Amino acid sequence: MVRKKVPEWLNSTMWSTPPPPSSYDDGLLRHSPVTKMKEEAESISVAPRLNSAPPPSSNTSVPSPSHRPRNGNSISGGSGEYGHSVGPSAEDFSRQAHVSAELSKKVINMKELRSLALQSLPDSPGIRSTVWKLLLGYLPPERSLWSTELKQKRSQYKHYKDELLTSPSEITWKMVRSKGFDNYDLKSESRCMLARSRITDEDHPLSLGKASIWNTYFQDTETIEQIDRDVKRTHPDIPFFSGESSFARSNQSHAEADAFFCFVELLSGFRDFYCQQLDNSVVGIRSAITRLSQLVRKHDEELWRHLEITTKVNPQFYAFRWITLLLTQEFSFFDSLHIWDALLSDPEGPLESLLGICCAMLVLVRRRLIAGDFTSNMKLLQHYPTTNISHLLYVANKLRSKMLV
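Residues numbered from 1 in each chain as written. Predicted model: local features only at pLDDT ≥ 70, side-chain atom pairs only at ≥ 80, totals over all residues. Heavy atoms only, no water.

As recorded by an unreviewed UniProt entry, the protein carries the name Ypt/Rab-GAP domain of gyp1p superfamily protein and is attributed to Arabidopsis thaliana.

Put into C-alpha cells, the structure is as follows:
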C-alpha cells in the first residue's frame, strides 16, 4: 500500500507565521512562576518540514520542565481572581478595558463578548466569572435583570438544599408544627409525652437498609463532606479554593449556587457522555470519539493511519479522558481556564471547539507520533507535553476554518 504523503496544507507558511497579536494571550505565560518563558519547540512542530520553524513567541526563554506548573500545583497565591500573582502587560490592560466596557453596557452584545472571550479573558477579579455566566446563559444580556435573576436562582438553590439535605428529624418536626403544634414548647418536659407513630426499620436512625431515609441521609452527608474536602485539596496552594483569598471570602455565600447552575448549563451539552446506557448511541461518548477520529483522518490521513492502523492506538485510550474531563487533566489549572474561555465562547456549543482542540493537540505532536510505536505514543497522549495554549487554540481555529472552506 502506498503511503499518502503529508498534506500540502500542513506545510503551509501559516504554521510558521505568528497569528495576529489579538489571537495571543501573553497573560497565560505569566501564570508560571518563571517569567519570560518560551514553550517547548517540539510541541509546536506541525509537519516534518517545519521542525525548525520558530515558535509563536521569540522573545522568551525555555524553562526546565520542573518549573512548569502542572494542574496548577506550582502556582502561588497573589492578587489575581484565583489568588495567583500576575504582572499585567499593556495588552492585558487593553483587553481588560474592552471586556469591562462591554460588560458595562445596558444590553451586552453577546457576539462581541464571544469574540473577546475567544481571545482569552483577563484574570482580573470578577471578569471571567461574569463573562462565563453570560456565555452559559445563567445571566441574561440585559444588565437590569441581573439582580432579579441572581436573587431568584440563589433562592431556588437554597430551596433545593433545604428539600434534599434536611435531616429526617427536622422533617418530622416540620410536620408536627404543620399539624397545629406551632406553640409546642420543645424545651418542656412534656415533649416526652408526644404521641409517637410506629417506627419502622426504614425510619430508625440506626437502620442500614437501602430504603432507610436515615441511611440515605447519612450517606448524602458523607458525600457532601467528601466533596468539600476534595475541593480544598484539589489546588491547595491556590487560596481561592481554600477560601483564604479576599475574593473567595466575599463570594463564598453565593459561589456555590452560581457554580451549581453554571455547571448544569455546561453539562447540558455533554450529559449523554456520562450515561453508560447511551455510550453506543449517536449522542454517546463513543460517537464523539468517532467524530474526533474522522476529523484527524480528514486533516491528516497519514497521522490517522499510523495511529489507528499501524500502531493500533485506539482513540478511546486517550480521547475518552480528553473529552469527558474537558481537557482539565491534560493542562495546568490556569491553562485550562483559557481553553474553557474558547470552549464557552463557541456559539455552536463547546463540543465543536473541544473536538477541534483535541485534533490540534494531535497535529502539534505529529512528528513524535509518526516516529513512535504503540507504547511511546500512548505515553505521549496520556501525558500530553506542555505547550503554548495560544498557539494550540490558533491551530484549532485554523483547522476549523479549513473545514468551512
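Trainee: Help me understand the overall build of the protein in this model?
Mentor: Helix and strand counts for the protein come out as 17 helices and 0 strands. A buried classification covers 42% of the 405 residues belonging to the protein. Of the contacts made within the protein by residues no fewer than 6 positions apart, 71% connect residues no fewer than 24 positions apart. Only carbon and sulfur atoms are counted for the fraction: they give 55% of the accessible area of the protein, which is about 22700 Å². (Helix = DSSP H or I, 4+ residues; strand = E, 2+ residues; numbered from the N terminus. Buried < 20%, exposed > 50% of the residue type's maximum accessible area, 1.4 Å probe, protein only. Contact = heavy atoms within 4.5 Å. Areas by Shrake-Rupley, 256 points an atom, 1.4 Å probe, with all protein chains shown as cover.)

Trainee: So what exactly am I meant to see when it comes to the packing of aromatic side chains here?
Mentor: Aromatic ring pairs are reported here in terms of the distance separating the ring centres and the angle at which the planes meet. If you walk through the whole model with that rule in mind, you get 12 aromatic pairs. Aromatic side chains tyrosine 138 and phenylalanine 261 sit 6.0 Å apart centroid to centroid with 15° between the ring planes, which places their arrangement in the stacked category. Taken together, the residues tyrosine 138 in the loop between helix H4 (127–135) and helix H5 (146–164) and phenylalanine 261 in helix H9 (residues 246–267) connect sequence positions 123 residues apart. Residue tyrosine 138 is classed as buried on the basis of its relative accessible area, which comes to 3%. The exposure class of phenylalanine 261 is buried, given its relative accessible area of 9%. Through a chain of ring-to-ring contacts, the aromatic side chains of Tyr138, Tyr157, Tyr160, Phe260 and Phe261 assemble into a single cluster. A cation over an aromatic ring shows up here: lysine 153 above the ring of phenylalanine 261, its NZ or CZ 4.9 Å from the ring centre. Directly above the aromatic system of tryptophan 304 lies the positively charged group of arginine 297, at a separation of 4.1 Å from the ring centroid. (Phe/Tyr/Trp six-rings, centres within 6.5 Å; stacked < 30°, edge-to-face > 60°. Lys NZ or Arg CZ within 6 Å of the ring centre and 35° of its normal.)

Trainee: Where do I start with a nonpolar patch on the surface in this structure?
Mentor: Taken together, the side chains of Tyr160, Leu164, Leu165, Ile224, Phe260 and Val264 define a hydrophobic patch exposed on the protein surface, amounting to about 500 Å² of accessible area. Elements with a contribution of two residues or more to the nonpolar patch: H5 and H9. Structurally, leucine 165 can be placed in the loop between H5 and helix H6 (168–178). (Patch = residues over 30% accessible without salt bridge, like charges linked within 9 Å, V, L, I, M, F, W, Y side chains within 5 Å. Salt bridge = Lys/Arg side-chain N within 4 Å of Asp/Glu carboxyl O.)

Trainee: I tried to follow the pattern of salt bridges on my own but got confused; where do I start?
Mentor: Two side chains of opposite charge can pair, provided their charged atoms sit close to one another. The final tally for this structure, using the stated rule, is 15 salt bridges. As a salt-bridge pair, arginine 128 and aspartate 341 come within 2.9 Å of each other at their nearest N and O atoms. Pair noted here: arginine 128 is in helix H4 and aspartate 341 is in helix H13 (residues 333–344), with a separation of 213 residues, a long-range link. Taken as a pair, arginine 128 and aspartate 341 share a single burial class, namely buried.

Trainee: Explanation requested: the side chain of arginine 128 in the structure shown.
Mentor: Its relative accessible area of 0% is what places arginine 128 among the buried residues. A distance of 2.7 Å separates a polar atom in the side chain of arginine 128 from a polar atom in the side chain of aspartate 123. (Polar contact = N/O pair within 3.5 Å; in protein donor to acceptor, adjacent residues only side chain to side chain.)

Trainee: Would you mind going over the nonpolar core with me for this structure?
Mentor: Val131, Trp322, Ile323, Leu327, Ile357 and Leu362 are the most contacted members of the largest nonpolar core, which has 75 residues in total. Looking at this core, the element that brings in the most residues is helix H14 (residues 350–364), giving 11 residues. In terms of domain composition, this core takes at least three residues from each of domain 1 (103–116 + 123–165 + 235–269) and domain 2 (276–402). Apart from the residues within four sequence positions on either side, valine 131 is in contact with Val99, Leu103, Leu113, Ala117 and Leu121. (Core = buried A, V, L, I, M, F, W, Y, C linked by side-chain atoms within 4.5 Å. Domains from an automatic or database assignment.)

Trainee: It is not clear to me how helix H3 (residues 110–118) should be interpreted in this structure. Could you clarify?
Mentor: Given 3.6 residues per turn, any residue in an α-helix points the same way as the ones three and four places further on. Within H3 the residues assigned to the buried category are Met110, Leu113, Leu116 and Ala117. Along the axis of H3, the buried residues cluster in a sector spanning 120°; they form a single face. Capping the start of H3 is the job of one residue whose side-chain oxygen sits 3.1 Å from the backbone nitrogen of lysine 111: asparagine 109. Phi for serine 120, located one or two positions after H3, is positive at around 90°. (Arc of directions from axis to C-beta.)

Trainee: Got a minute to help me understand the packing of helix H12 (residues 316–324) against H14 in this structure?
Mentor: For any two helices packed against each other, one specifies the inter-axial angle together with the distance between the axes. Following both chains from N to C, one finds H12 and H14 inclined at 140°, their axes separated by 10 Å at the closest point. When the axes of H12 and H14 are compared, the pair comes out oblique. Between H12 and H14 lies a crossing whose hand is right-handed. Contacts from Tyr318, Trp322 and Ile323 of H12 reach H14 at Leu354, Leu355, Cys358, Met361 and Leu362. Here the residues of the contact of H12 with H14 are counted per class, giving 8 nonpolar, no polar and no charged. (Axes fitted to C-alpha atoms, helices over the stretch in contact; angles between N-to-C directions. Parallel < 35°, antiparallel > 145°, perpendicular 65-115°, else oblique. Left-handed = near helix turned anticlockwise from the far one by under 90°. Nonpolar A, V, L, I, M, F, W, Y, C, P; charged D, E, K, R; others polar.)

Trainee: What is the right way to read the environment of leucine 399 from this model?
Mentor: Among the secondary structure elements, leucine 399 is positioned in helix H17 (residues 389–404). Look at leucine 399 and you get buried, because its relative accessible area is 3%. Put simply, leucine 399 and leucine 295 are 104 residues apart on the chain and 9.4 Å apart in space, counted from C-alpha to C-alpha.

Trainee: Before we go on, may I ask you to explain unusual backbone geometry in this structure?
Mentor: Glycine aside, a negative phi is what most residues show, and trans is what most peptide bonds show. Here leucine 326, not a glycine, exhibits a phi torsion of approximately 50°, which is positive. A positive phi is found at leucine 327, a non-glycine position, where the angle reads about 70°. Locating leucine 327 in the fold gives a position in the loop between H12 and H13. A residue is classified by how much of its surface remains accessible, and leucine 327, at 0% relative accessible area, is buried.

Trainee: It is not clear to me how the packing of helix H10 (residues 285–299) against H12 should be interpreted in this structure. Could you clarify?
Mentor: It is at 10 Å that the axes of H10 and H12 come closest, and there the two elements cross at 110°. One way to sum up the angle between H10 and H12 is to call them roughly perpendicular. Regarding H10 and H12, the two cross each other, and that crossing is right-handed. Here H10 contributes Ile285, Arg286, Ala288, Ile289 and Leu292 to the contact with H12, which in turn contributes Gln316, Ala319, Phe320, Ile323 and Thr324. Of the residues assigned to the contact of H10 with H12, the class counts are 7 nonpolar, 2 polar and 1 charged.

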